[in-house]
Amino acid sequence: MAQENNNTQMSEKEAKKKEMILFLSSSEEKESFLSKQNLKLLSDPLNDDNPITVQVLGICSALAITVQLQAAVVMSLAVMVVMAFSNMIISLMRNLIPSRIRIIVQLVVVAALVILVDQVLKAFLYDLSKQLSVFVGLIITNCIVMGRLEAFALGNGIYKSFLDGIGNAAGYGIILVIVAFFRELLGSGKLWGIEVLGHKGATMAESTGLYALGYENNGLMLLAPMALIIVGIVIWIQRSRNRKLIEEA
């Protein structure tokens, strides 16, 4: 009997070793990389499980850095890199992290990745890095990042965790891009810093495009509260399409 127990423990240890080497749990080995369940990890955050419009997370950055489309796209990519790799690292270490210090370990991993991203931005996109300012650093405390580490990466394999990080970051990013698109277009008449509604001259005669017809930029779109209003409109449209998302009173 004792020998059988020893054999069982040895087999469990070998299974864990194999899991650590292959980065896959036994259940993940049986399903294909592009299975329906794995694809849902990518698609759900883009639709009915969006981290901003459904879970109401990450609202602060949606208000702060969506005045320009370029800043929103770069912020979205930065969050995607941090989420994907932090999910992978925490998933890889999940059997080694003591429960008492798991939050500290998560913060250290996320902070290291954020520092790397910040240094890359300063090296290659210095002006944009200055514009994003402290908001790149605040990715460390972004509730979407920490929430997915705690809720998913600690209990799933590295591949699923990677997909979950990509999916949730994409869901976060698409809302940022939508908000930034309307705020920059209607607030300054530009997209990606390029004038798309025409050139606004000193007089109507010197103006081109819509400005020649008397169009004026809506300065309110550049204020943070307008970002919240646009997010609210997106939430309204999403819930009108899917009634299941409407909370019962």
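Residues numbered from 1 in each chain as written. Predicted model: local features only at pLDDT ≥ 70, side-chain atom pairs only at ≥ 80, totals over all residues. Heavy atoms only, no water.

- As recorded in an unreviewed UniProt entry, the protein goes by the name Na(+)-translocating NADH-quinone reductase subunit D, listed as coming from Mesonia mobilis.
- Under the UniProt heading Catalytic activity (unreviewed entry), the note attached to the protein is "a ubiquinone + n Na(+)(in) + NADH + H(+) = a ubiquinol + n Na(+)(out) + NAD(+)".
- The annotation that UniProt attaches to the protein under Subunit (unreviewed entry) is "Composed of six subunits; NqrA, NqrB, NqrC, NqrD, NqrE and NqrF." (UniProt positions renumbered as here; feature names shortened; annotations may be inferred.)

Things to note about the side chain of Arg 94
- Secondary-structure assignment places Arg 94 in the loop between α5 (69–93) and α6 (102–124).
- In this structure Arg 94 comes out as buried when scored by relative accessible area, which is 15%.
- Looking at Arg 94, its side chain comes within polar contact range of the main-chain oxygen of Ser 91, at 2.6 Å. (Helix = DSSP H or I, 4+ residues; strand = E, 2+ residues; numbered from the N terminus. Buried < 20%, exposed > 50% of the residue type's maximum accessible area, 1.4 Å probe, protein only. Polar contact = N/O pair within 3.5 Å; in protein donor to acceptor, adjacent residues only side chain to side chain.)

A look at the UniProt feature "transmembrane region" (unreviewed entry) in the protein
- In the numbering used here, UniProt assigns the "transmembrane region" (unreviewed entry) feature to residues 52–82, 103–126, 132–149 and 219–237.
- Between the first and last C-alpha atoms of residues 52–82 the distance is 17 Å; the span itself is 65% helix and 0% strand.
- End C-alpha atoms of residues 132–149 are separated by 24 Å, and the span's content is 67% helix alongside 0% strand.

Topic: the nonpolar core
- Ranked by internal contacts, the top residues of the largest apolar core, which has 46 residues, are Val 82, Leu 132, Ile 139 and Leu 176.
- Where this core is concerned, the elements lending two or more residues are α5, α6, α7 (126–132), α9 (143–151), α10 (158–188) and α11 (224–241).
- With 10 residues, the single largest contributor to this core is α5.
- In this structure Ile 139 touches Met 75, Ala 78, Val 79, Val 82, Val 110, Val 114 and Val 145, once residues within four positions along its chain are discounted. (Core = buried A, V, L, I, M, F, W, Y, C linked by side-chain atoms within 4.5 Å. Contact = heavy atoms within 4.5 Å.)

Considerations on the confidence of the model for the protein
- When pLDDT is averaged across the protein, the result is 80; 86% of the residues are at 70 or more.
- Note that residues 16–22 has pLDDT below 50 and, in this model, 10 contacts with residues that lie over four places away or in other chains. (pLDDT = per-residue confidence, 0-100.)

Description of the pattern of salt bridges
- According to the stated counting rule, one finds three salt bridges in the structure shown.
- Here Lys 122 makes a salt bridge to Asp 118, at a shortest N to O gap of 3.6 Å. Of the two residues, Lys 122 and Asp 118 are both situated in helix α6; the distance of four residues between them amounts to about one turn of the helix.
- Among the residues examined, Lys 122 registers a relative accessible area of 40% and is labelled partly exposed.
- Residue classification places Asp 118 among the buried positions, given a relative accessible area of 18%.
- Arg 148 is paired through a salt bridge with Asp 164; the nearest N and O atoms lie 2.9 Å apart. With Arg 148 in helix α9 and Asp 164 in helix α10, the pair connects residues that are 16 residues apart, well separated along the chain.
- We classify Arg 148 as buried; its relative accessible area is 17%.
- Exposure remark for Asp 164: the relative accessible area of 3% places this residue in the buried category. (Salt bridge = Lys/Arg side-chain N within 4 Å of Asp/Glu carboxyl O.)

Remarks on the side chain of Ser 86
- Position of Ser 86 relative to the elements: it lies in helix α5.
- A polar side-chain atom of Ser 86 sits 2.6 Å from the main-chain carbonyl oxygen of Val 82.
- In this structure the side chain of Ser 86 is engaged in a polar contact, spanning 3.2 Å, whose partner is the backbone oxygen of Met 83.
- Residue contacts for Ser 86: discarding those within four places in its chain leaves Val 109, Val 110, Leu 113, Val 145 and Leu 149.

Here we look at unusual backbone geometry
- Its identity as a non-glycine residue notwithstanding, Trp 192 has a phi of 60°, on the positive side.
- Relative to the assigned elements, Trp 192 resides in the loop between β1 (190–191) and β2 (194–195).

Digging into the environment of Ser 86
- When its relative accessible area of 0% is taken as the criterion, Ser 86 is described as buried.
- Taking the C-alpha atoms as reference, Ser 86 lies 5.9 Å from Val 110; in sequence the two are 24 residues apart.

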